[in-house]
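A structural walkthrough
Residues per chain, in single letters:
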Amino acid sequence: MTEAQDEAGAFRALADPTRRQILEDLRGGELAAGEIASRFAISAPSISRHLGVLKGAGLVTERRDGNRILYTLAEDRLATCIGRFLSAVCPEQIVLRHTKWRPGAQSEES
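The rules behind these values
Residues numbered from 1 in each chain as written. Predicted model: local features only at pLDDT ≥ 70, side-chain atom pairs only at ≥ 80, totals over all residues. Heavy atoms only, no water. Pairing = 2+ DSSP bridges. Helix = DSSP H or I, 4+ residues; strand = E, 2+ residues; numbered from the N terminus. Contact = heavy atoms within 4.5 Å. Axes fitted to C-alpha atoms, helices over the stretch in contact; angles between N-to-C directions. Parallel < 35°, antiparallel > 145°, perpendicular 65-115°, else oblique. Nonpolar A, V, L, I, M, F, W, Y, C, P; charged D, E, K, R; others polar. Core = buried A, V, L, I, M, F, W, Y, C linked by side-chain atoms within 4.5 Å. Buried < 20%, exposed > 50% of the residue type's maximum accessible area, 1.4 Å probe, protein only. Arc of directions from axis to C-beta. Polar contact = N/O pair within 3.5 Å; in protein donor to acceptor, adjacent residues only side chain to side chain.

Bridge analysis of strand β2 (residues 60-65) against strand β3 (residues 68-73) gives six bridges, and the strand direction is antiparallel. Paired with threonine 61 across the strands is threonine 72, a residue of β3. The antiparallel hairpin formed by β2 and β3 contains two residues in its connecting segment, where glycine 66 sits at a positive phi of about 65°.

Here the focus is the sheet that holds β2. Overall, antiparallel pairing links the three strands, which are arranged β1-β3-β2 in an open sheet. Edge positions in the sheet fall to β1 (31-32) and β2, since each has one partner strand and no second. Relative to β3, β1 is paired through two bridges, and the arrangement is antiparallel. When the bridges of β3 are listed, leucine 31 appears paired with tyrosine 71. In this fold helix α2 (residues 17-26) packs onto β1, β2 and β3, with an angle of close to 90° to the strand it touches most, β3.

Next up on the list: the packing of α2 against helix α4 (residues 44-56). Packing of α2 against α4 leaves a shortest axis separation of 10 Å and a crossing angle of 75°. When the axes of α2 and α4 are compared, the pair comes out roughly perpendicular. On α4, the residues that touch Thr18, Arg19, Ile22 and Leu23 of α2 are Ile47, His50, Leu51, Val53 and Leu54. For the contact of α2 with α4, the per-class residue count stands at six nonpolar, two polar and one charged.

Turning our attention to the nonpolar core. Taken as a class, soluble globular proteins show a tendency for nonpolar side chains to be buried jointly. Judged by nonpolar contacts, the single largest core of 20 residues is most densely connected at Ile22, Leu26, Ile36 and Leu59. Looking at this core, the elements that each hand over two or more residues are α1 (3-14), α2, α3 (33-37), α4 and β3. Beyond its immediate sequence surroundings of up to four residues, leucine 59 is in contact with Ala10, Ala13, Leu14, Leu23, Leu54, Thr72, Leu73, Ala74, Arg77 and Leu78.

Mapping isoleucine 47 onto the fold places it in helix α4. Its relative accessible area of 1% is what places isoleucine 47 among the buried residues. Isoleucine 47 sits 14 residues away from alanine 33 along the chain, and the two C-alpha atoms are 8.1 Å apart. Those residues in contact with isoleucine 47 that lie beyond four places of it in its chain are Thr18, Ile22, Ile36, Ala37, Phe40 and Ile42.

Along an α-helix, a turn takes 3.6 residues, which lines up residues three or four apart on a common side. Residues of α2 that are buried include every one of Thr18, Arg19, Ile22, Leu23, Asp25 and Leu26, and no others. With its buried residues spanning 160° around the axis, α2 presents them on a single face. The N-terminus of α2 is capped by aspartate 16, whose side-chain oxygen sits 2.8 Å from the backbone nitrogen of threonine 18.

Just distances and angles here, no functional claims.
This is the structure in structure tokens:
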């Protein structure tokens, strides 16, 4: 699989609003599949399919804990895919983001 095909899979996974919300929910840490499903008004099998797409794209990882499946956001993978695309399309903005704003840090312009 080429780098472009790999990134395309990630962007296909990000195209769906339910999958984007799952990623946002996982920002706070690991969640069980049932906990994720309870946050949505769609069926558990539908959530399972969404989680499968996210896992296939490498945007989440899973581990078993007894009879539960726990999901975690693959932050590095997400950042790498988005970052490569942004670097190619608008490299100046990447530089600005690093110099003007960092989470938890004050602006260097202050």
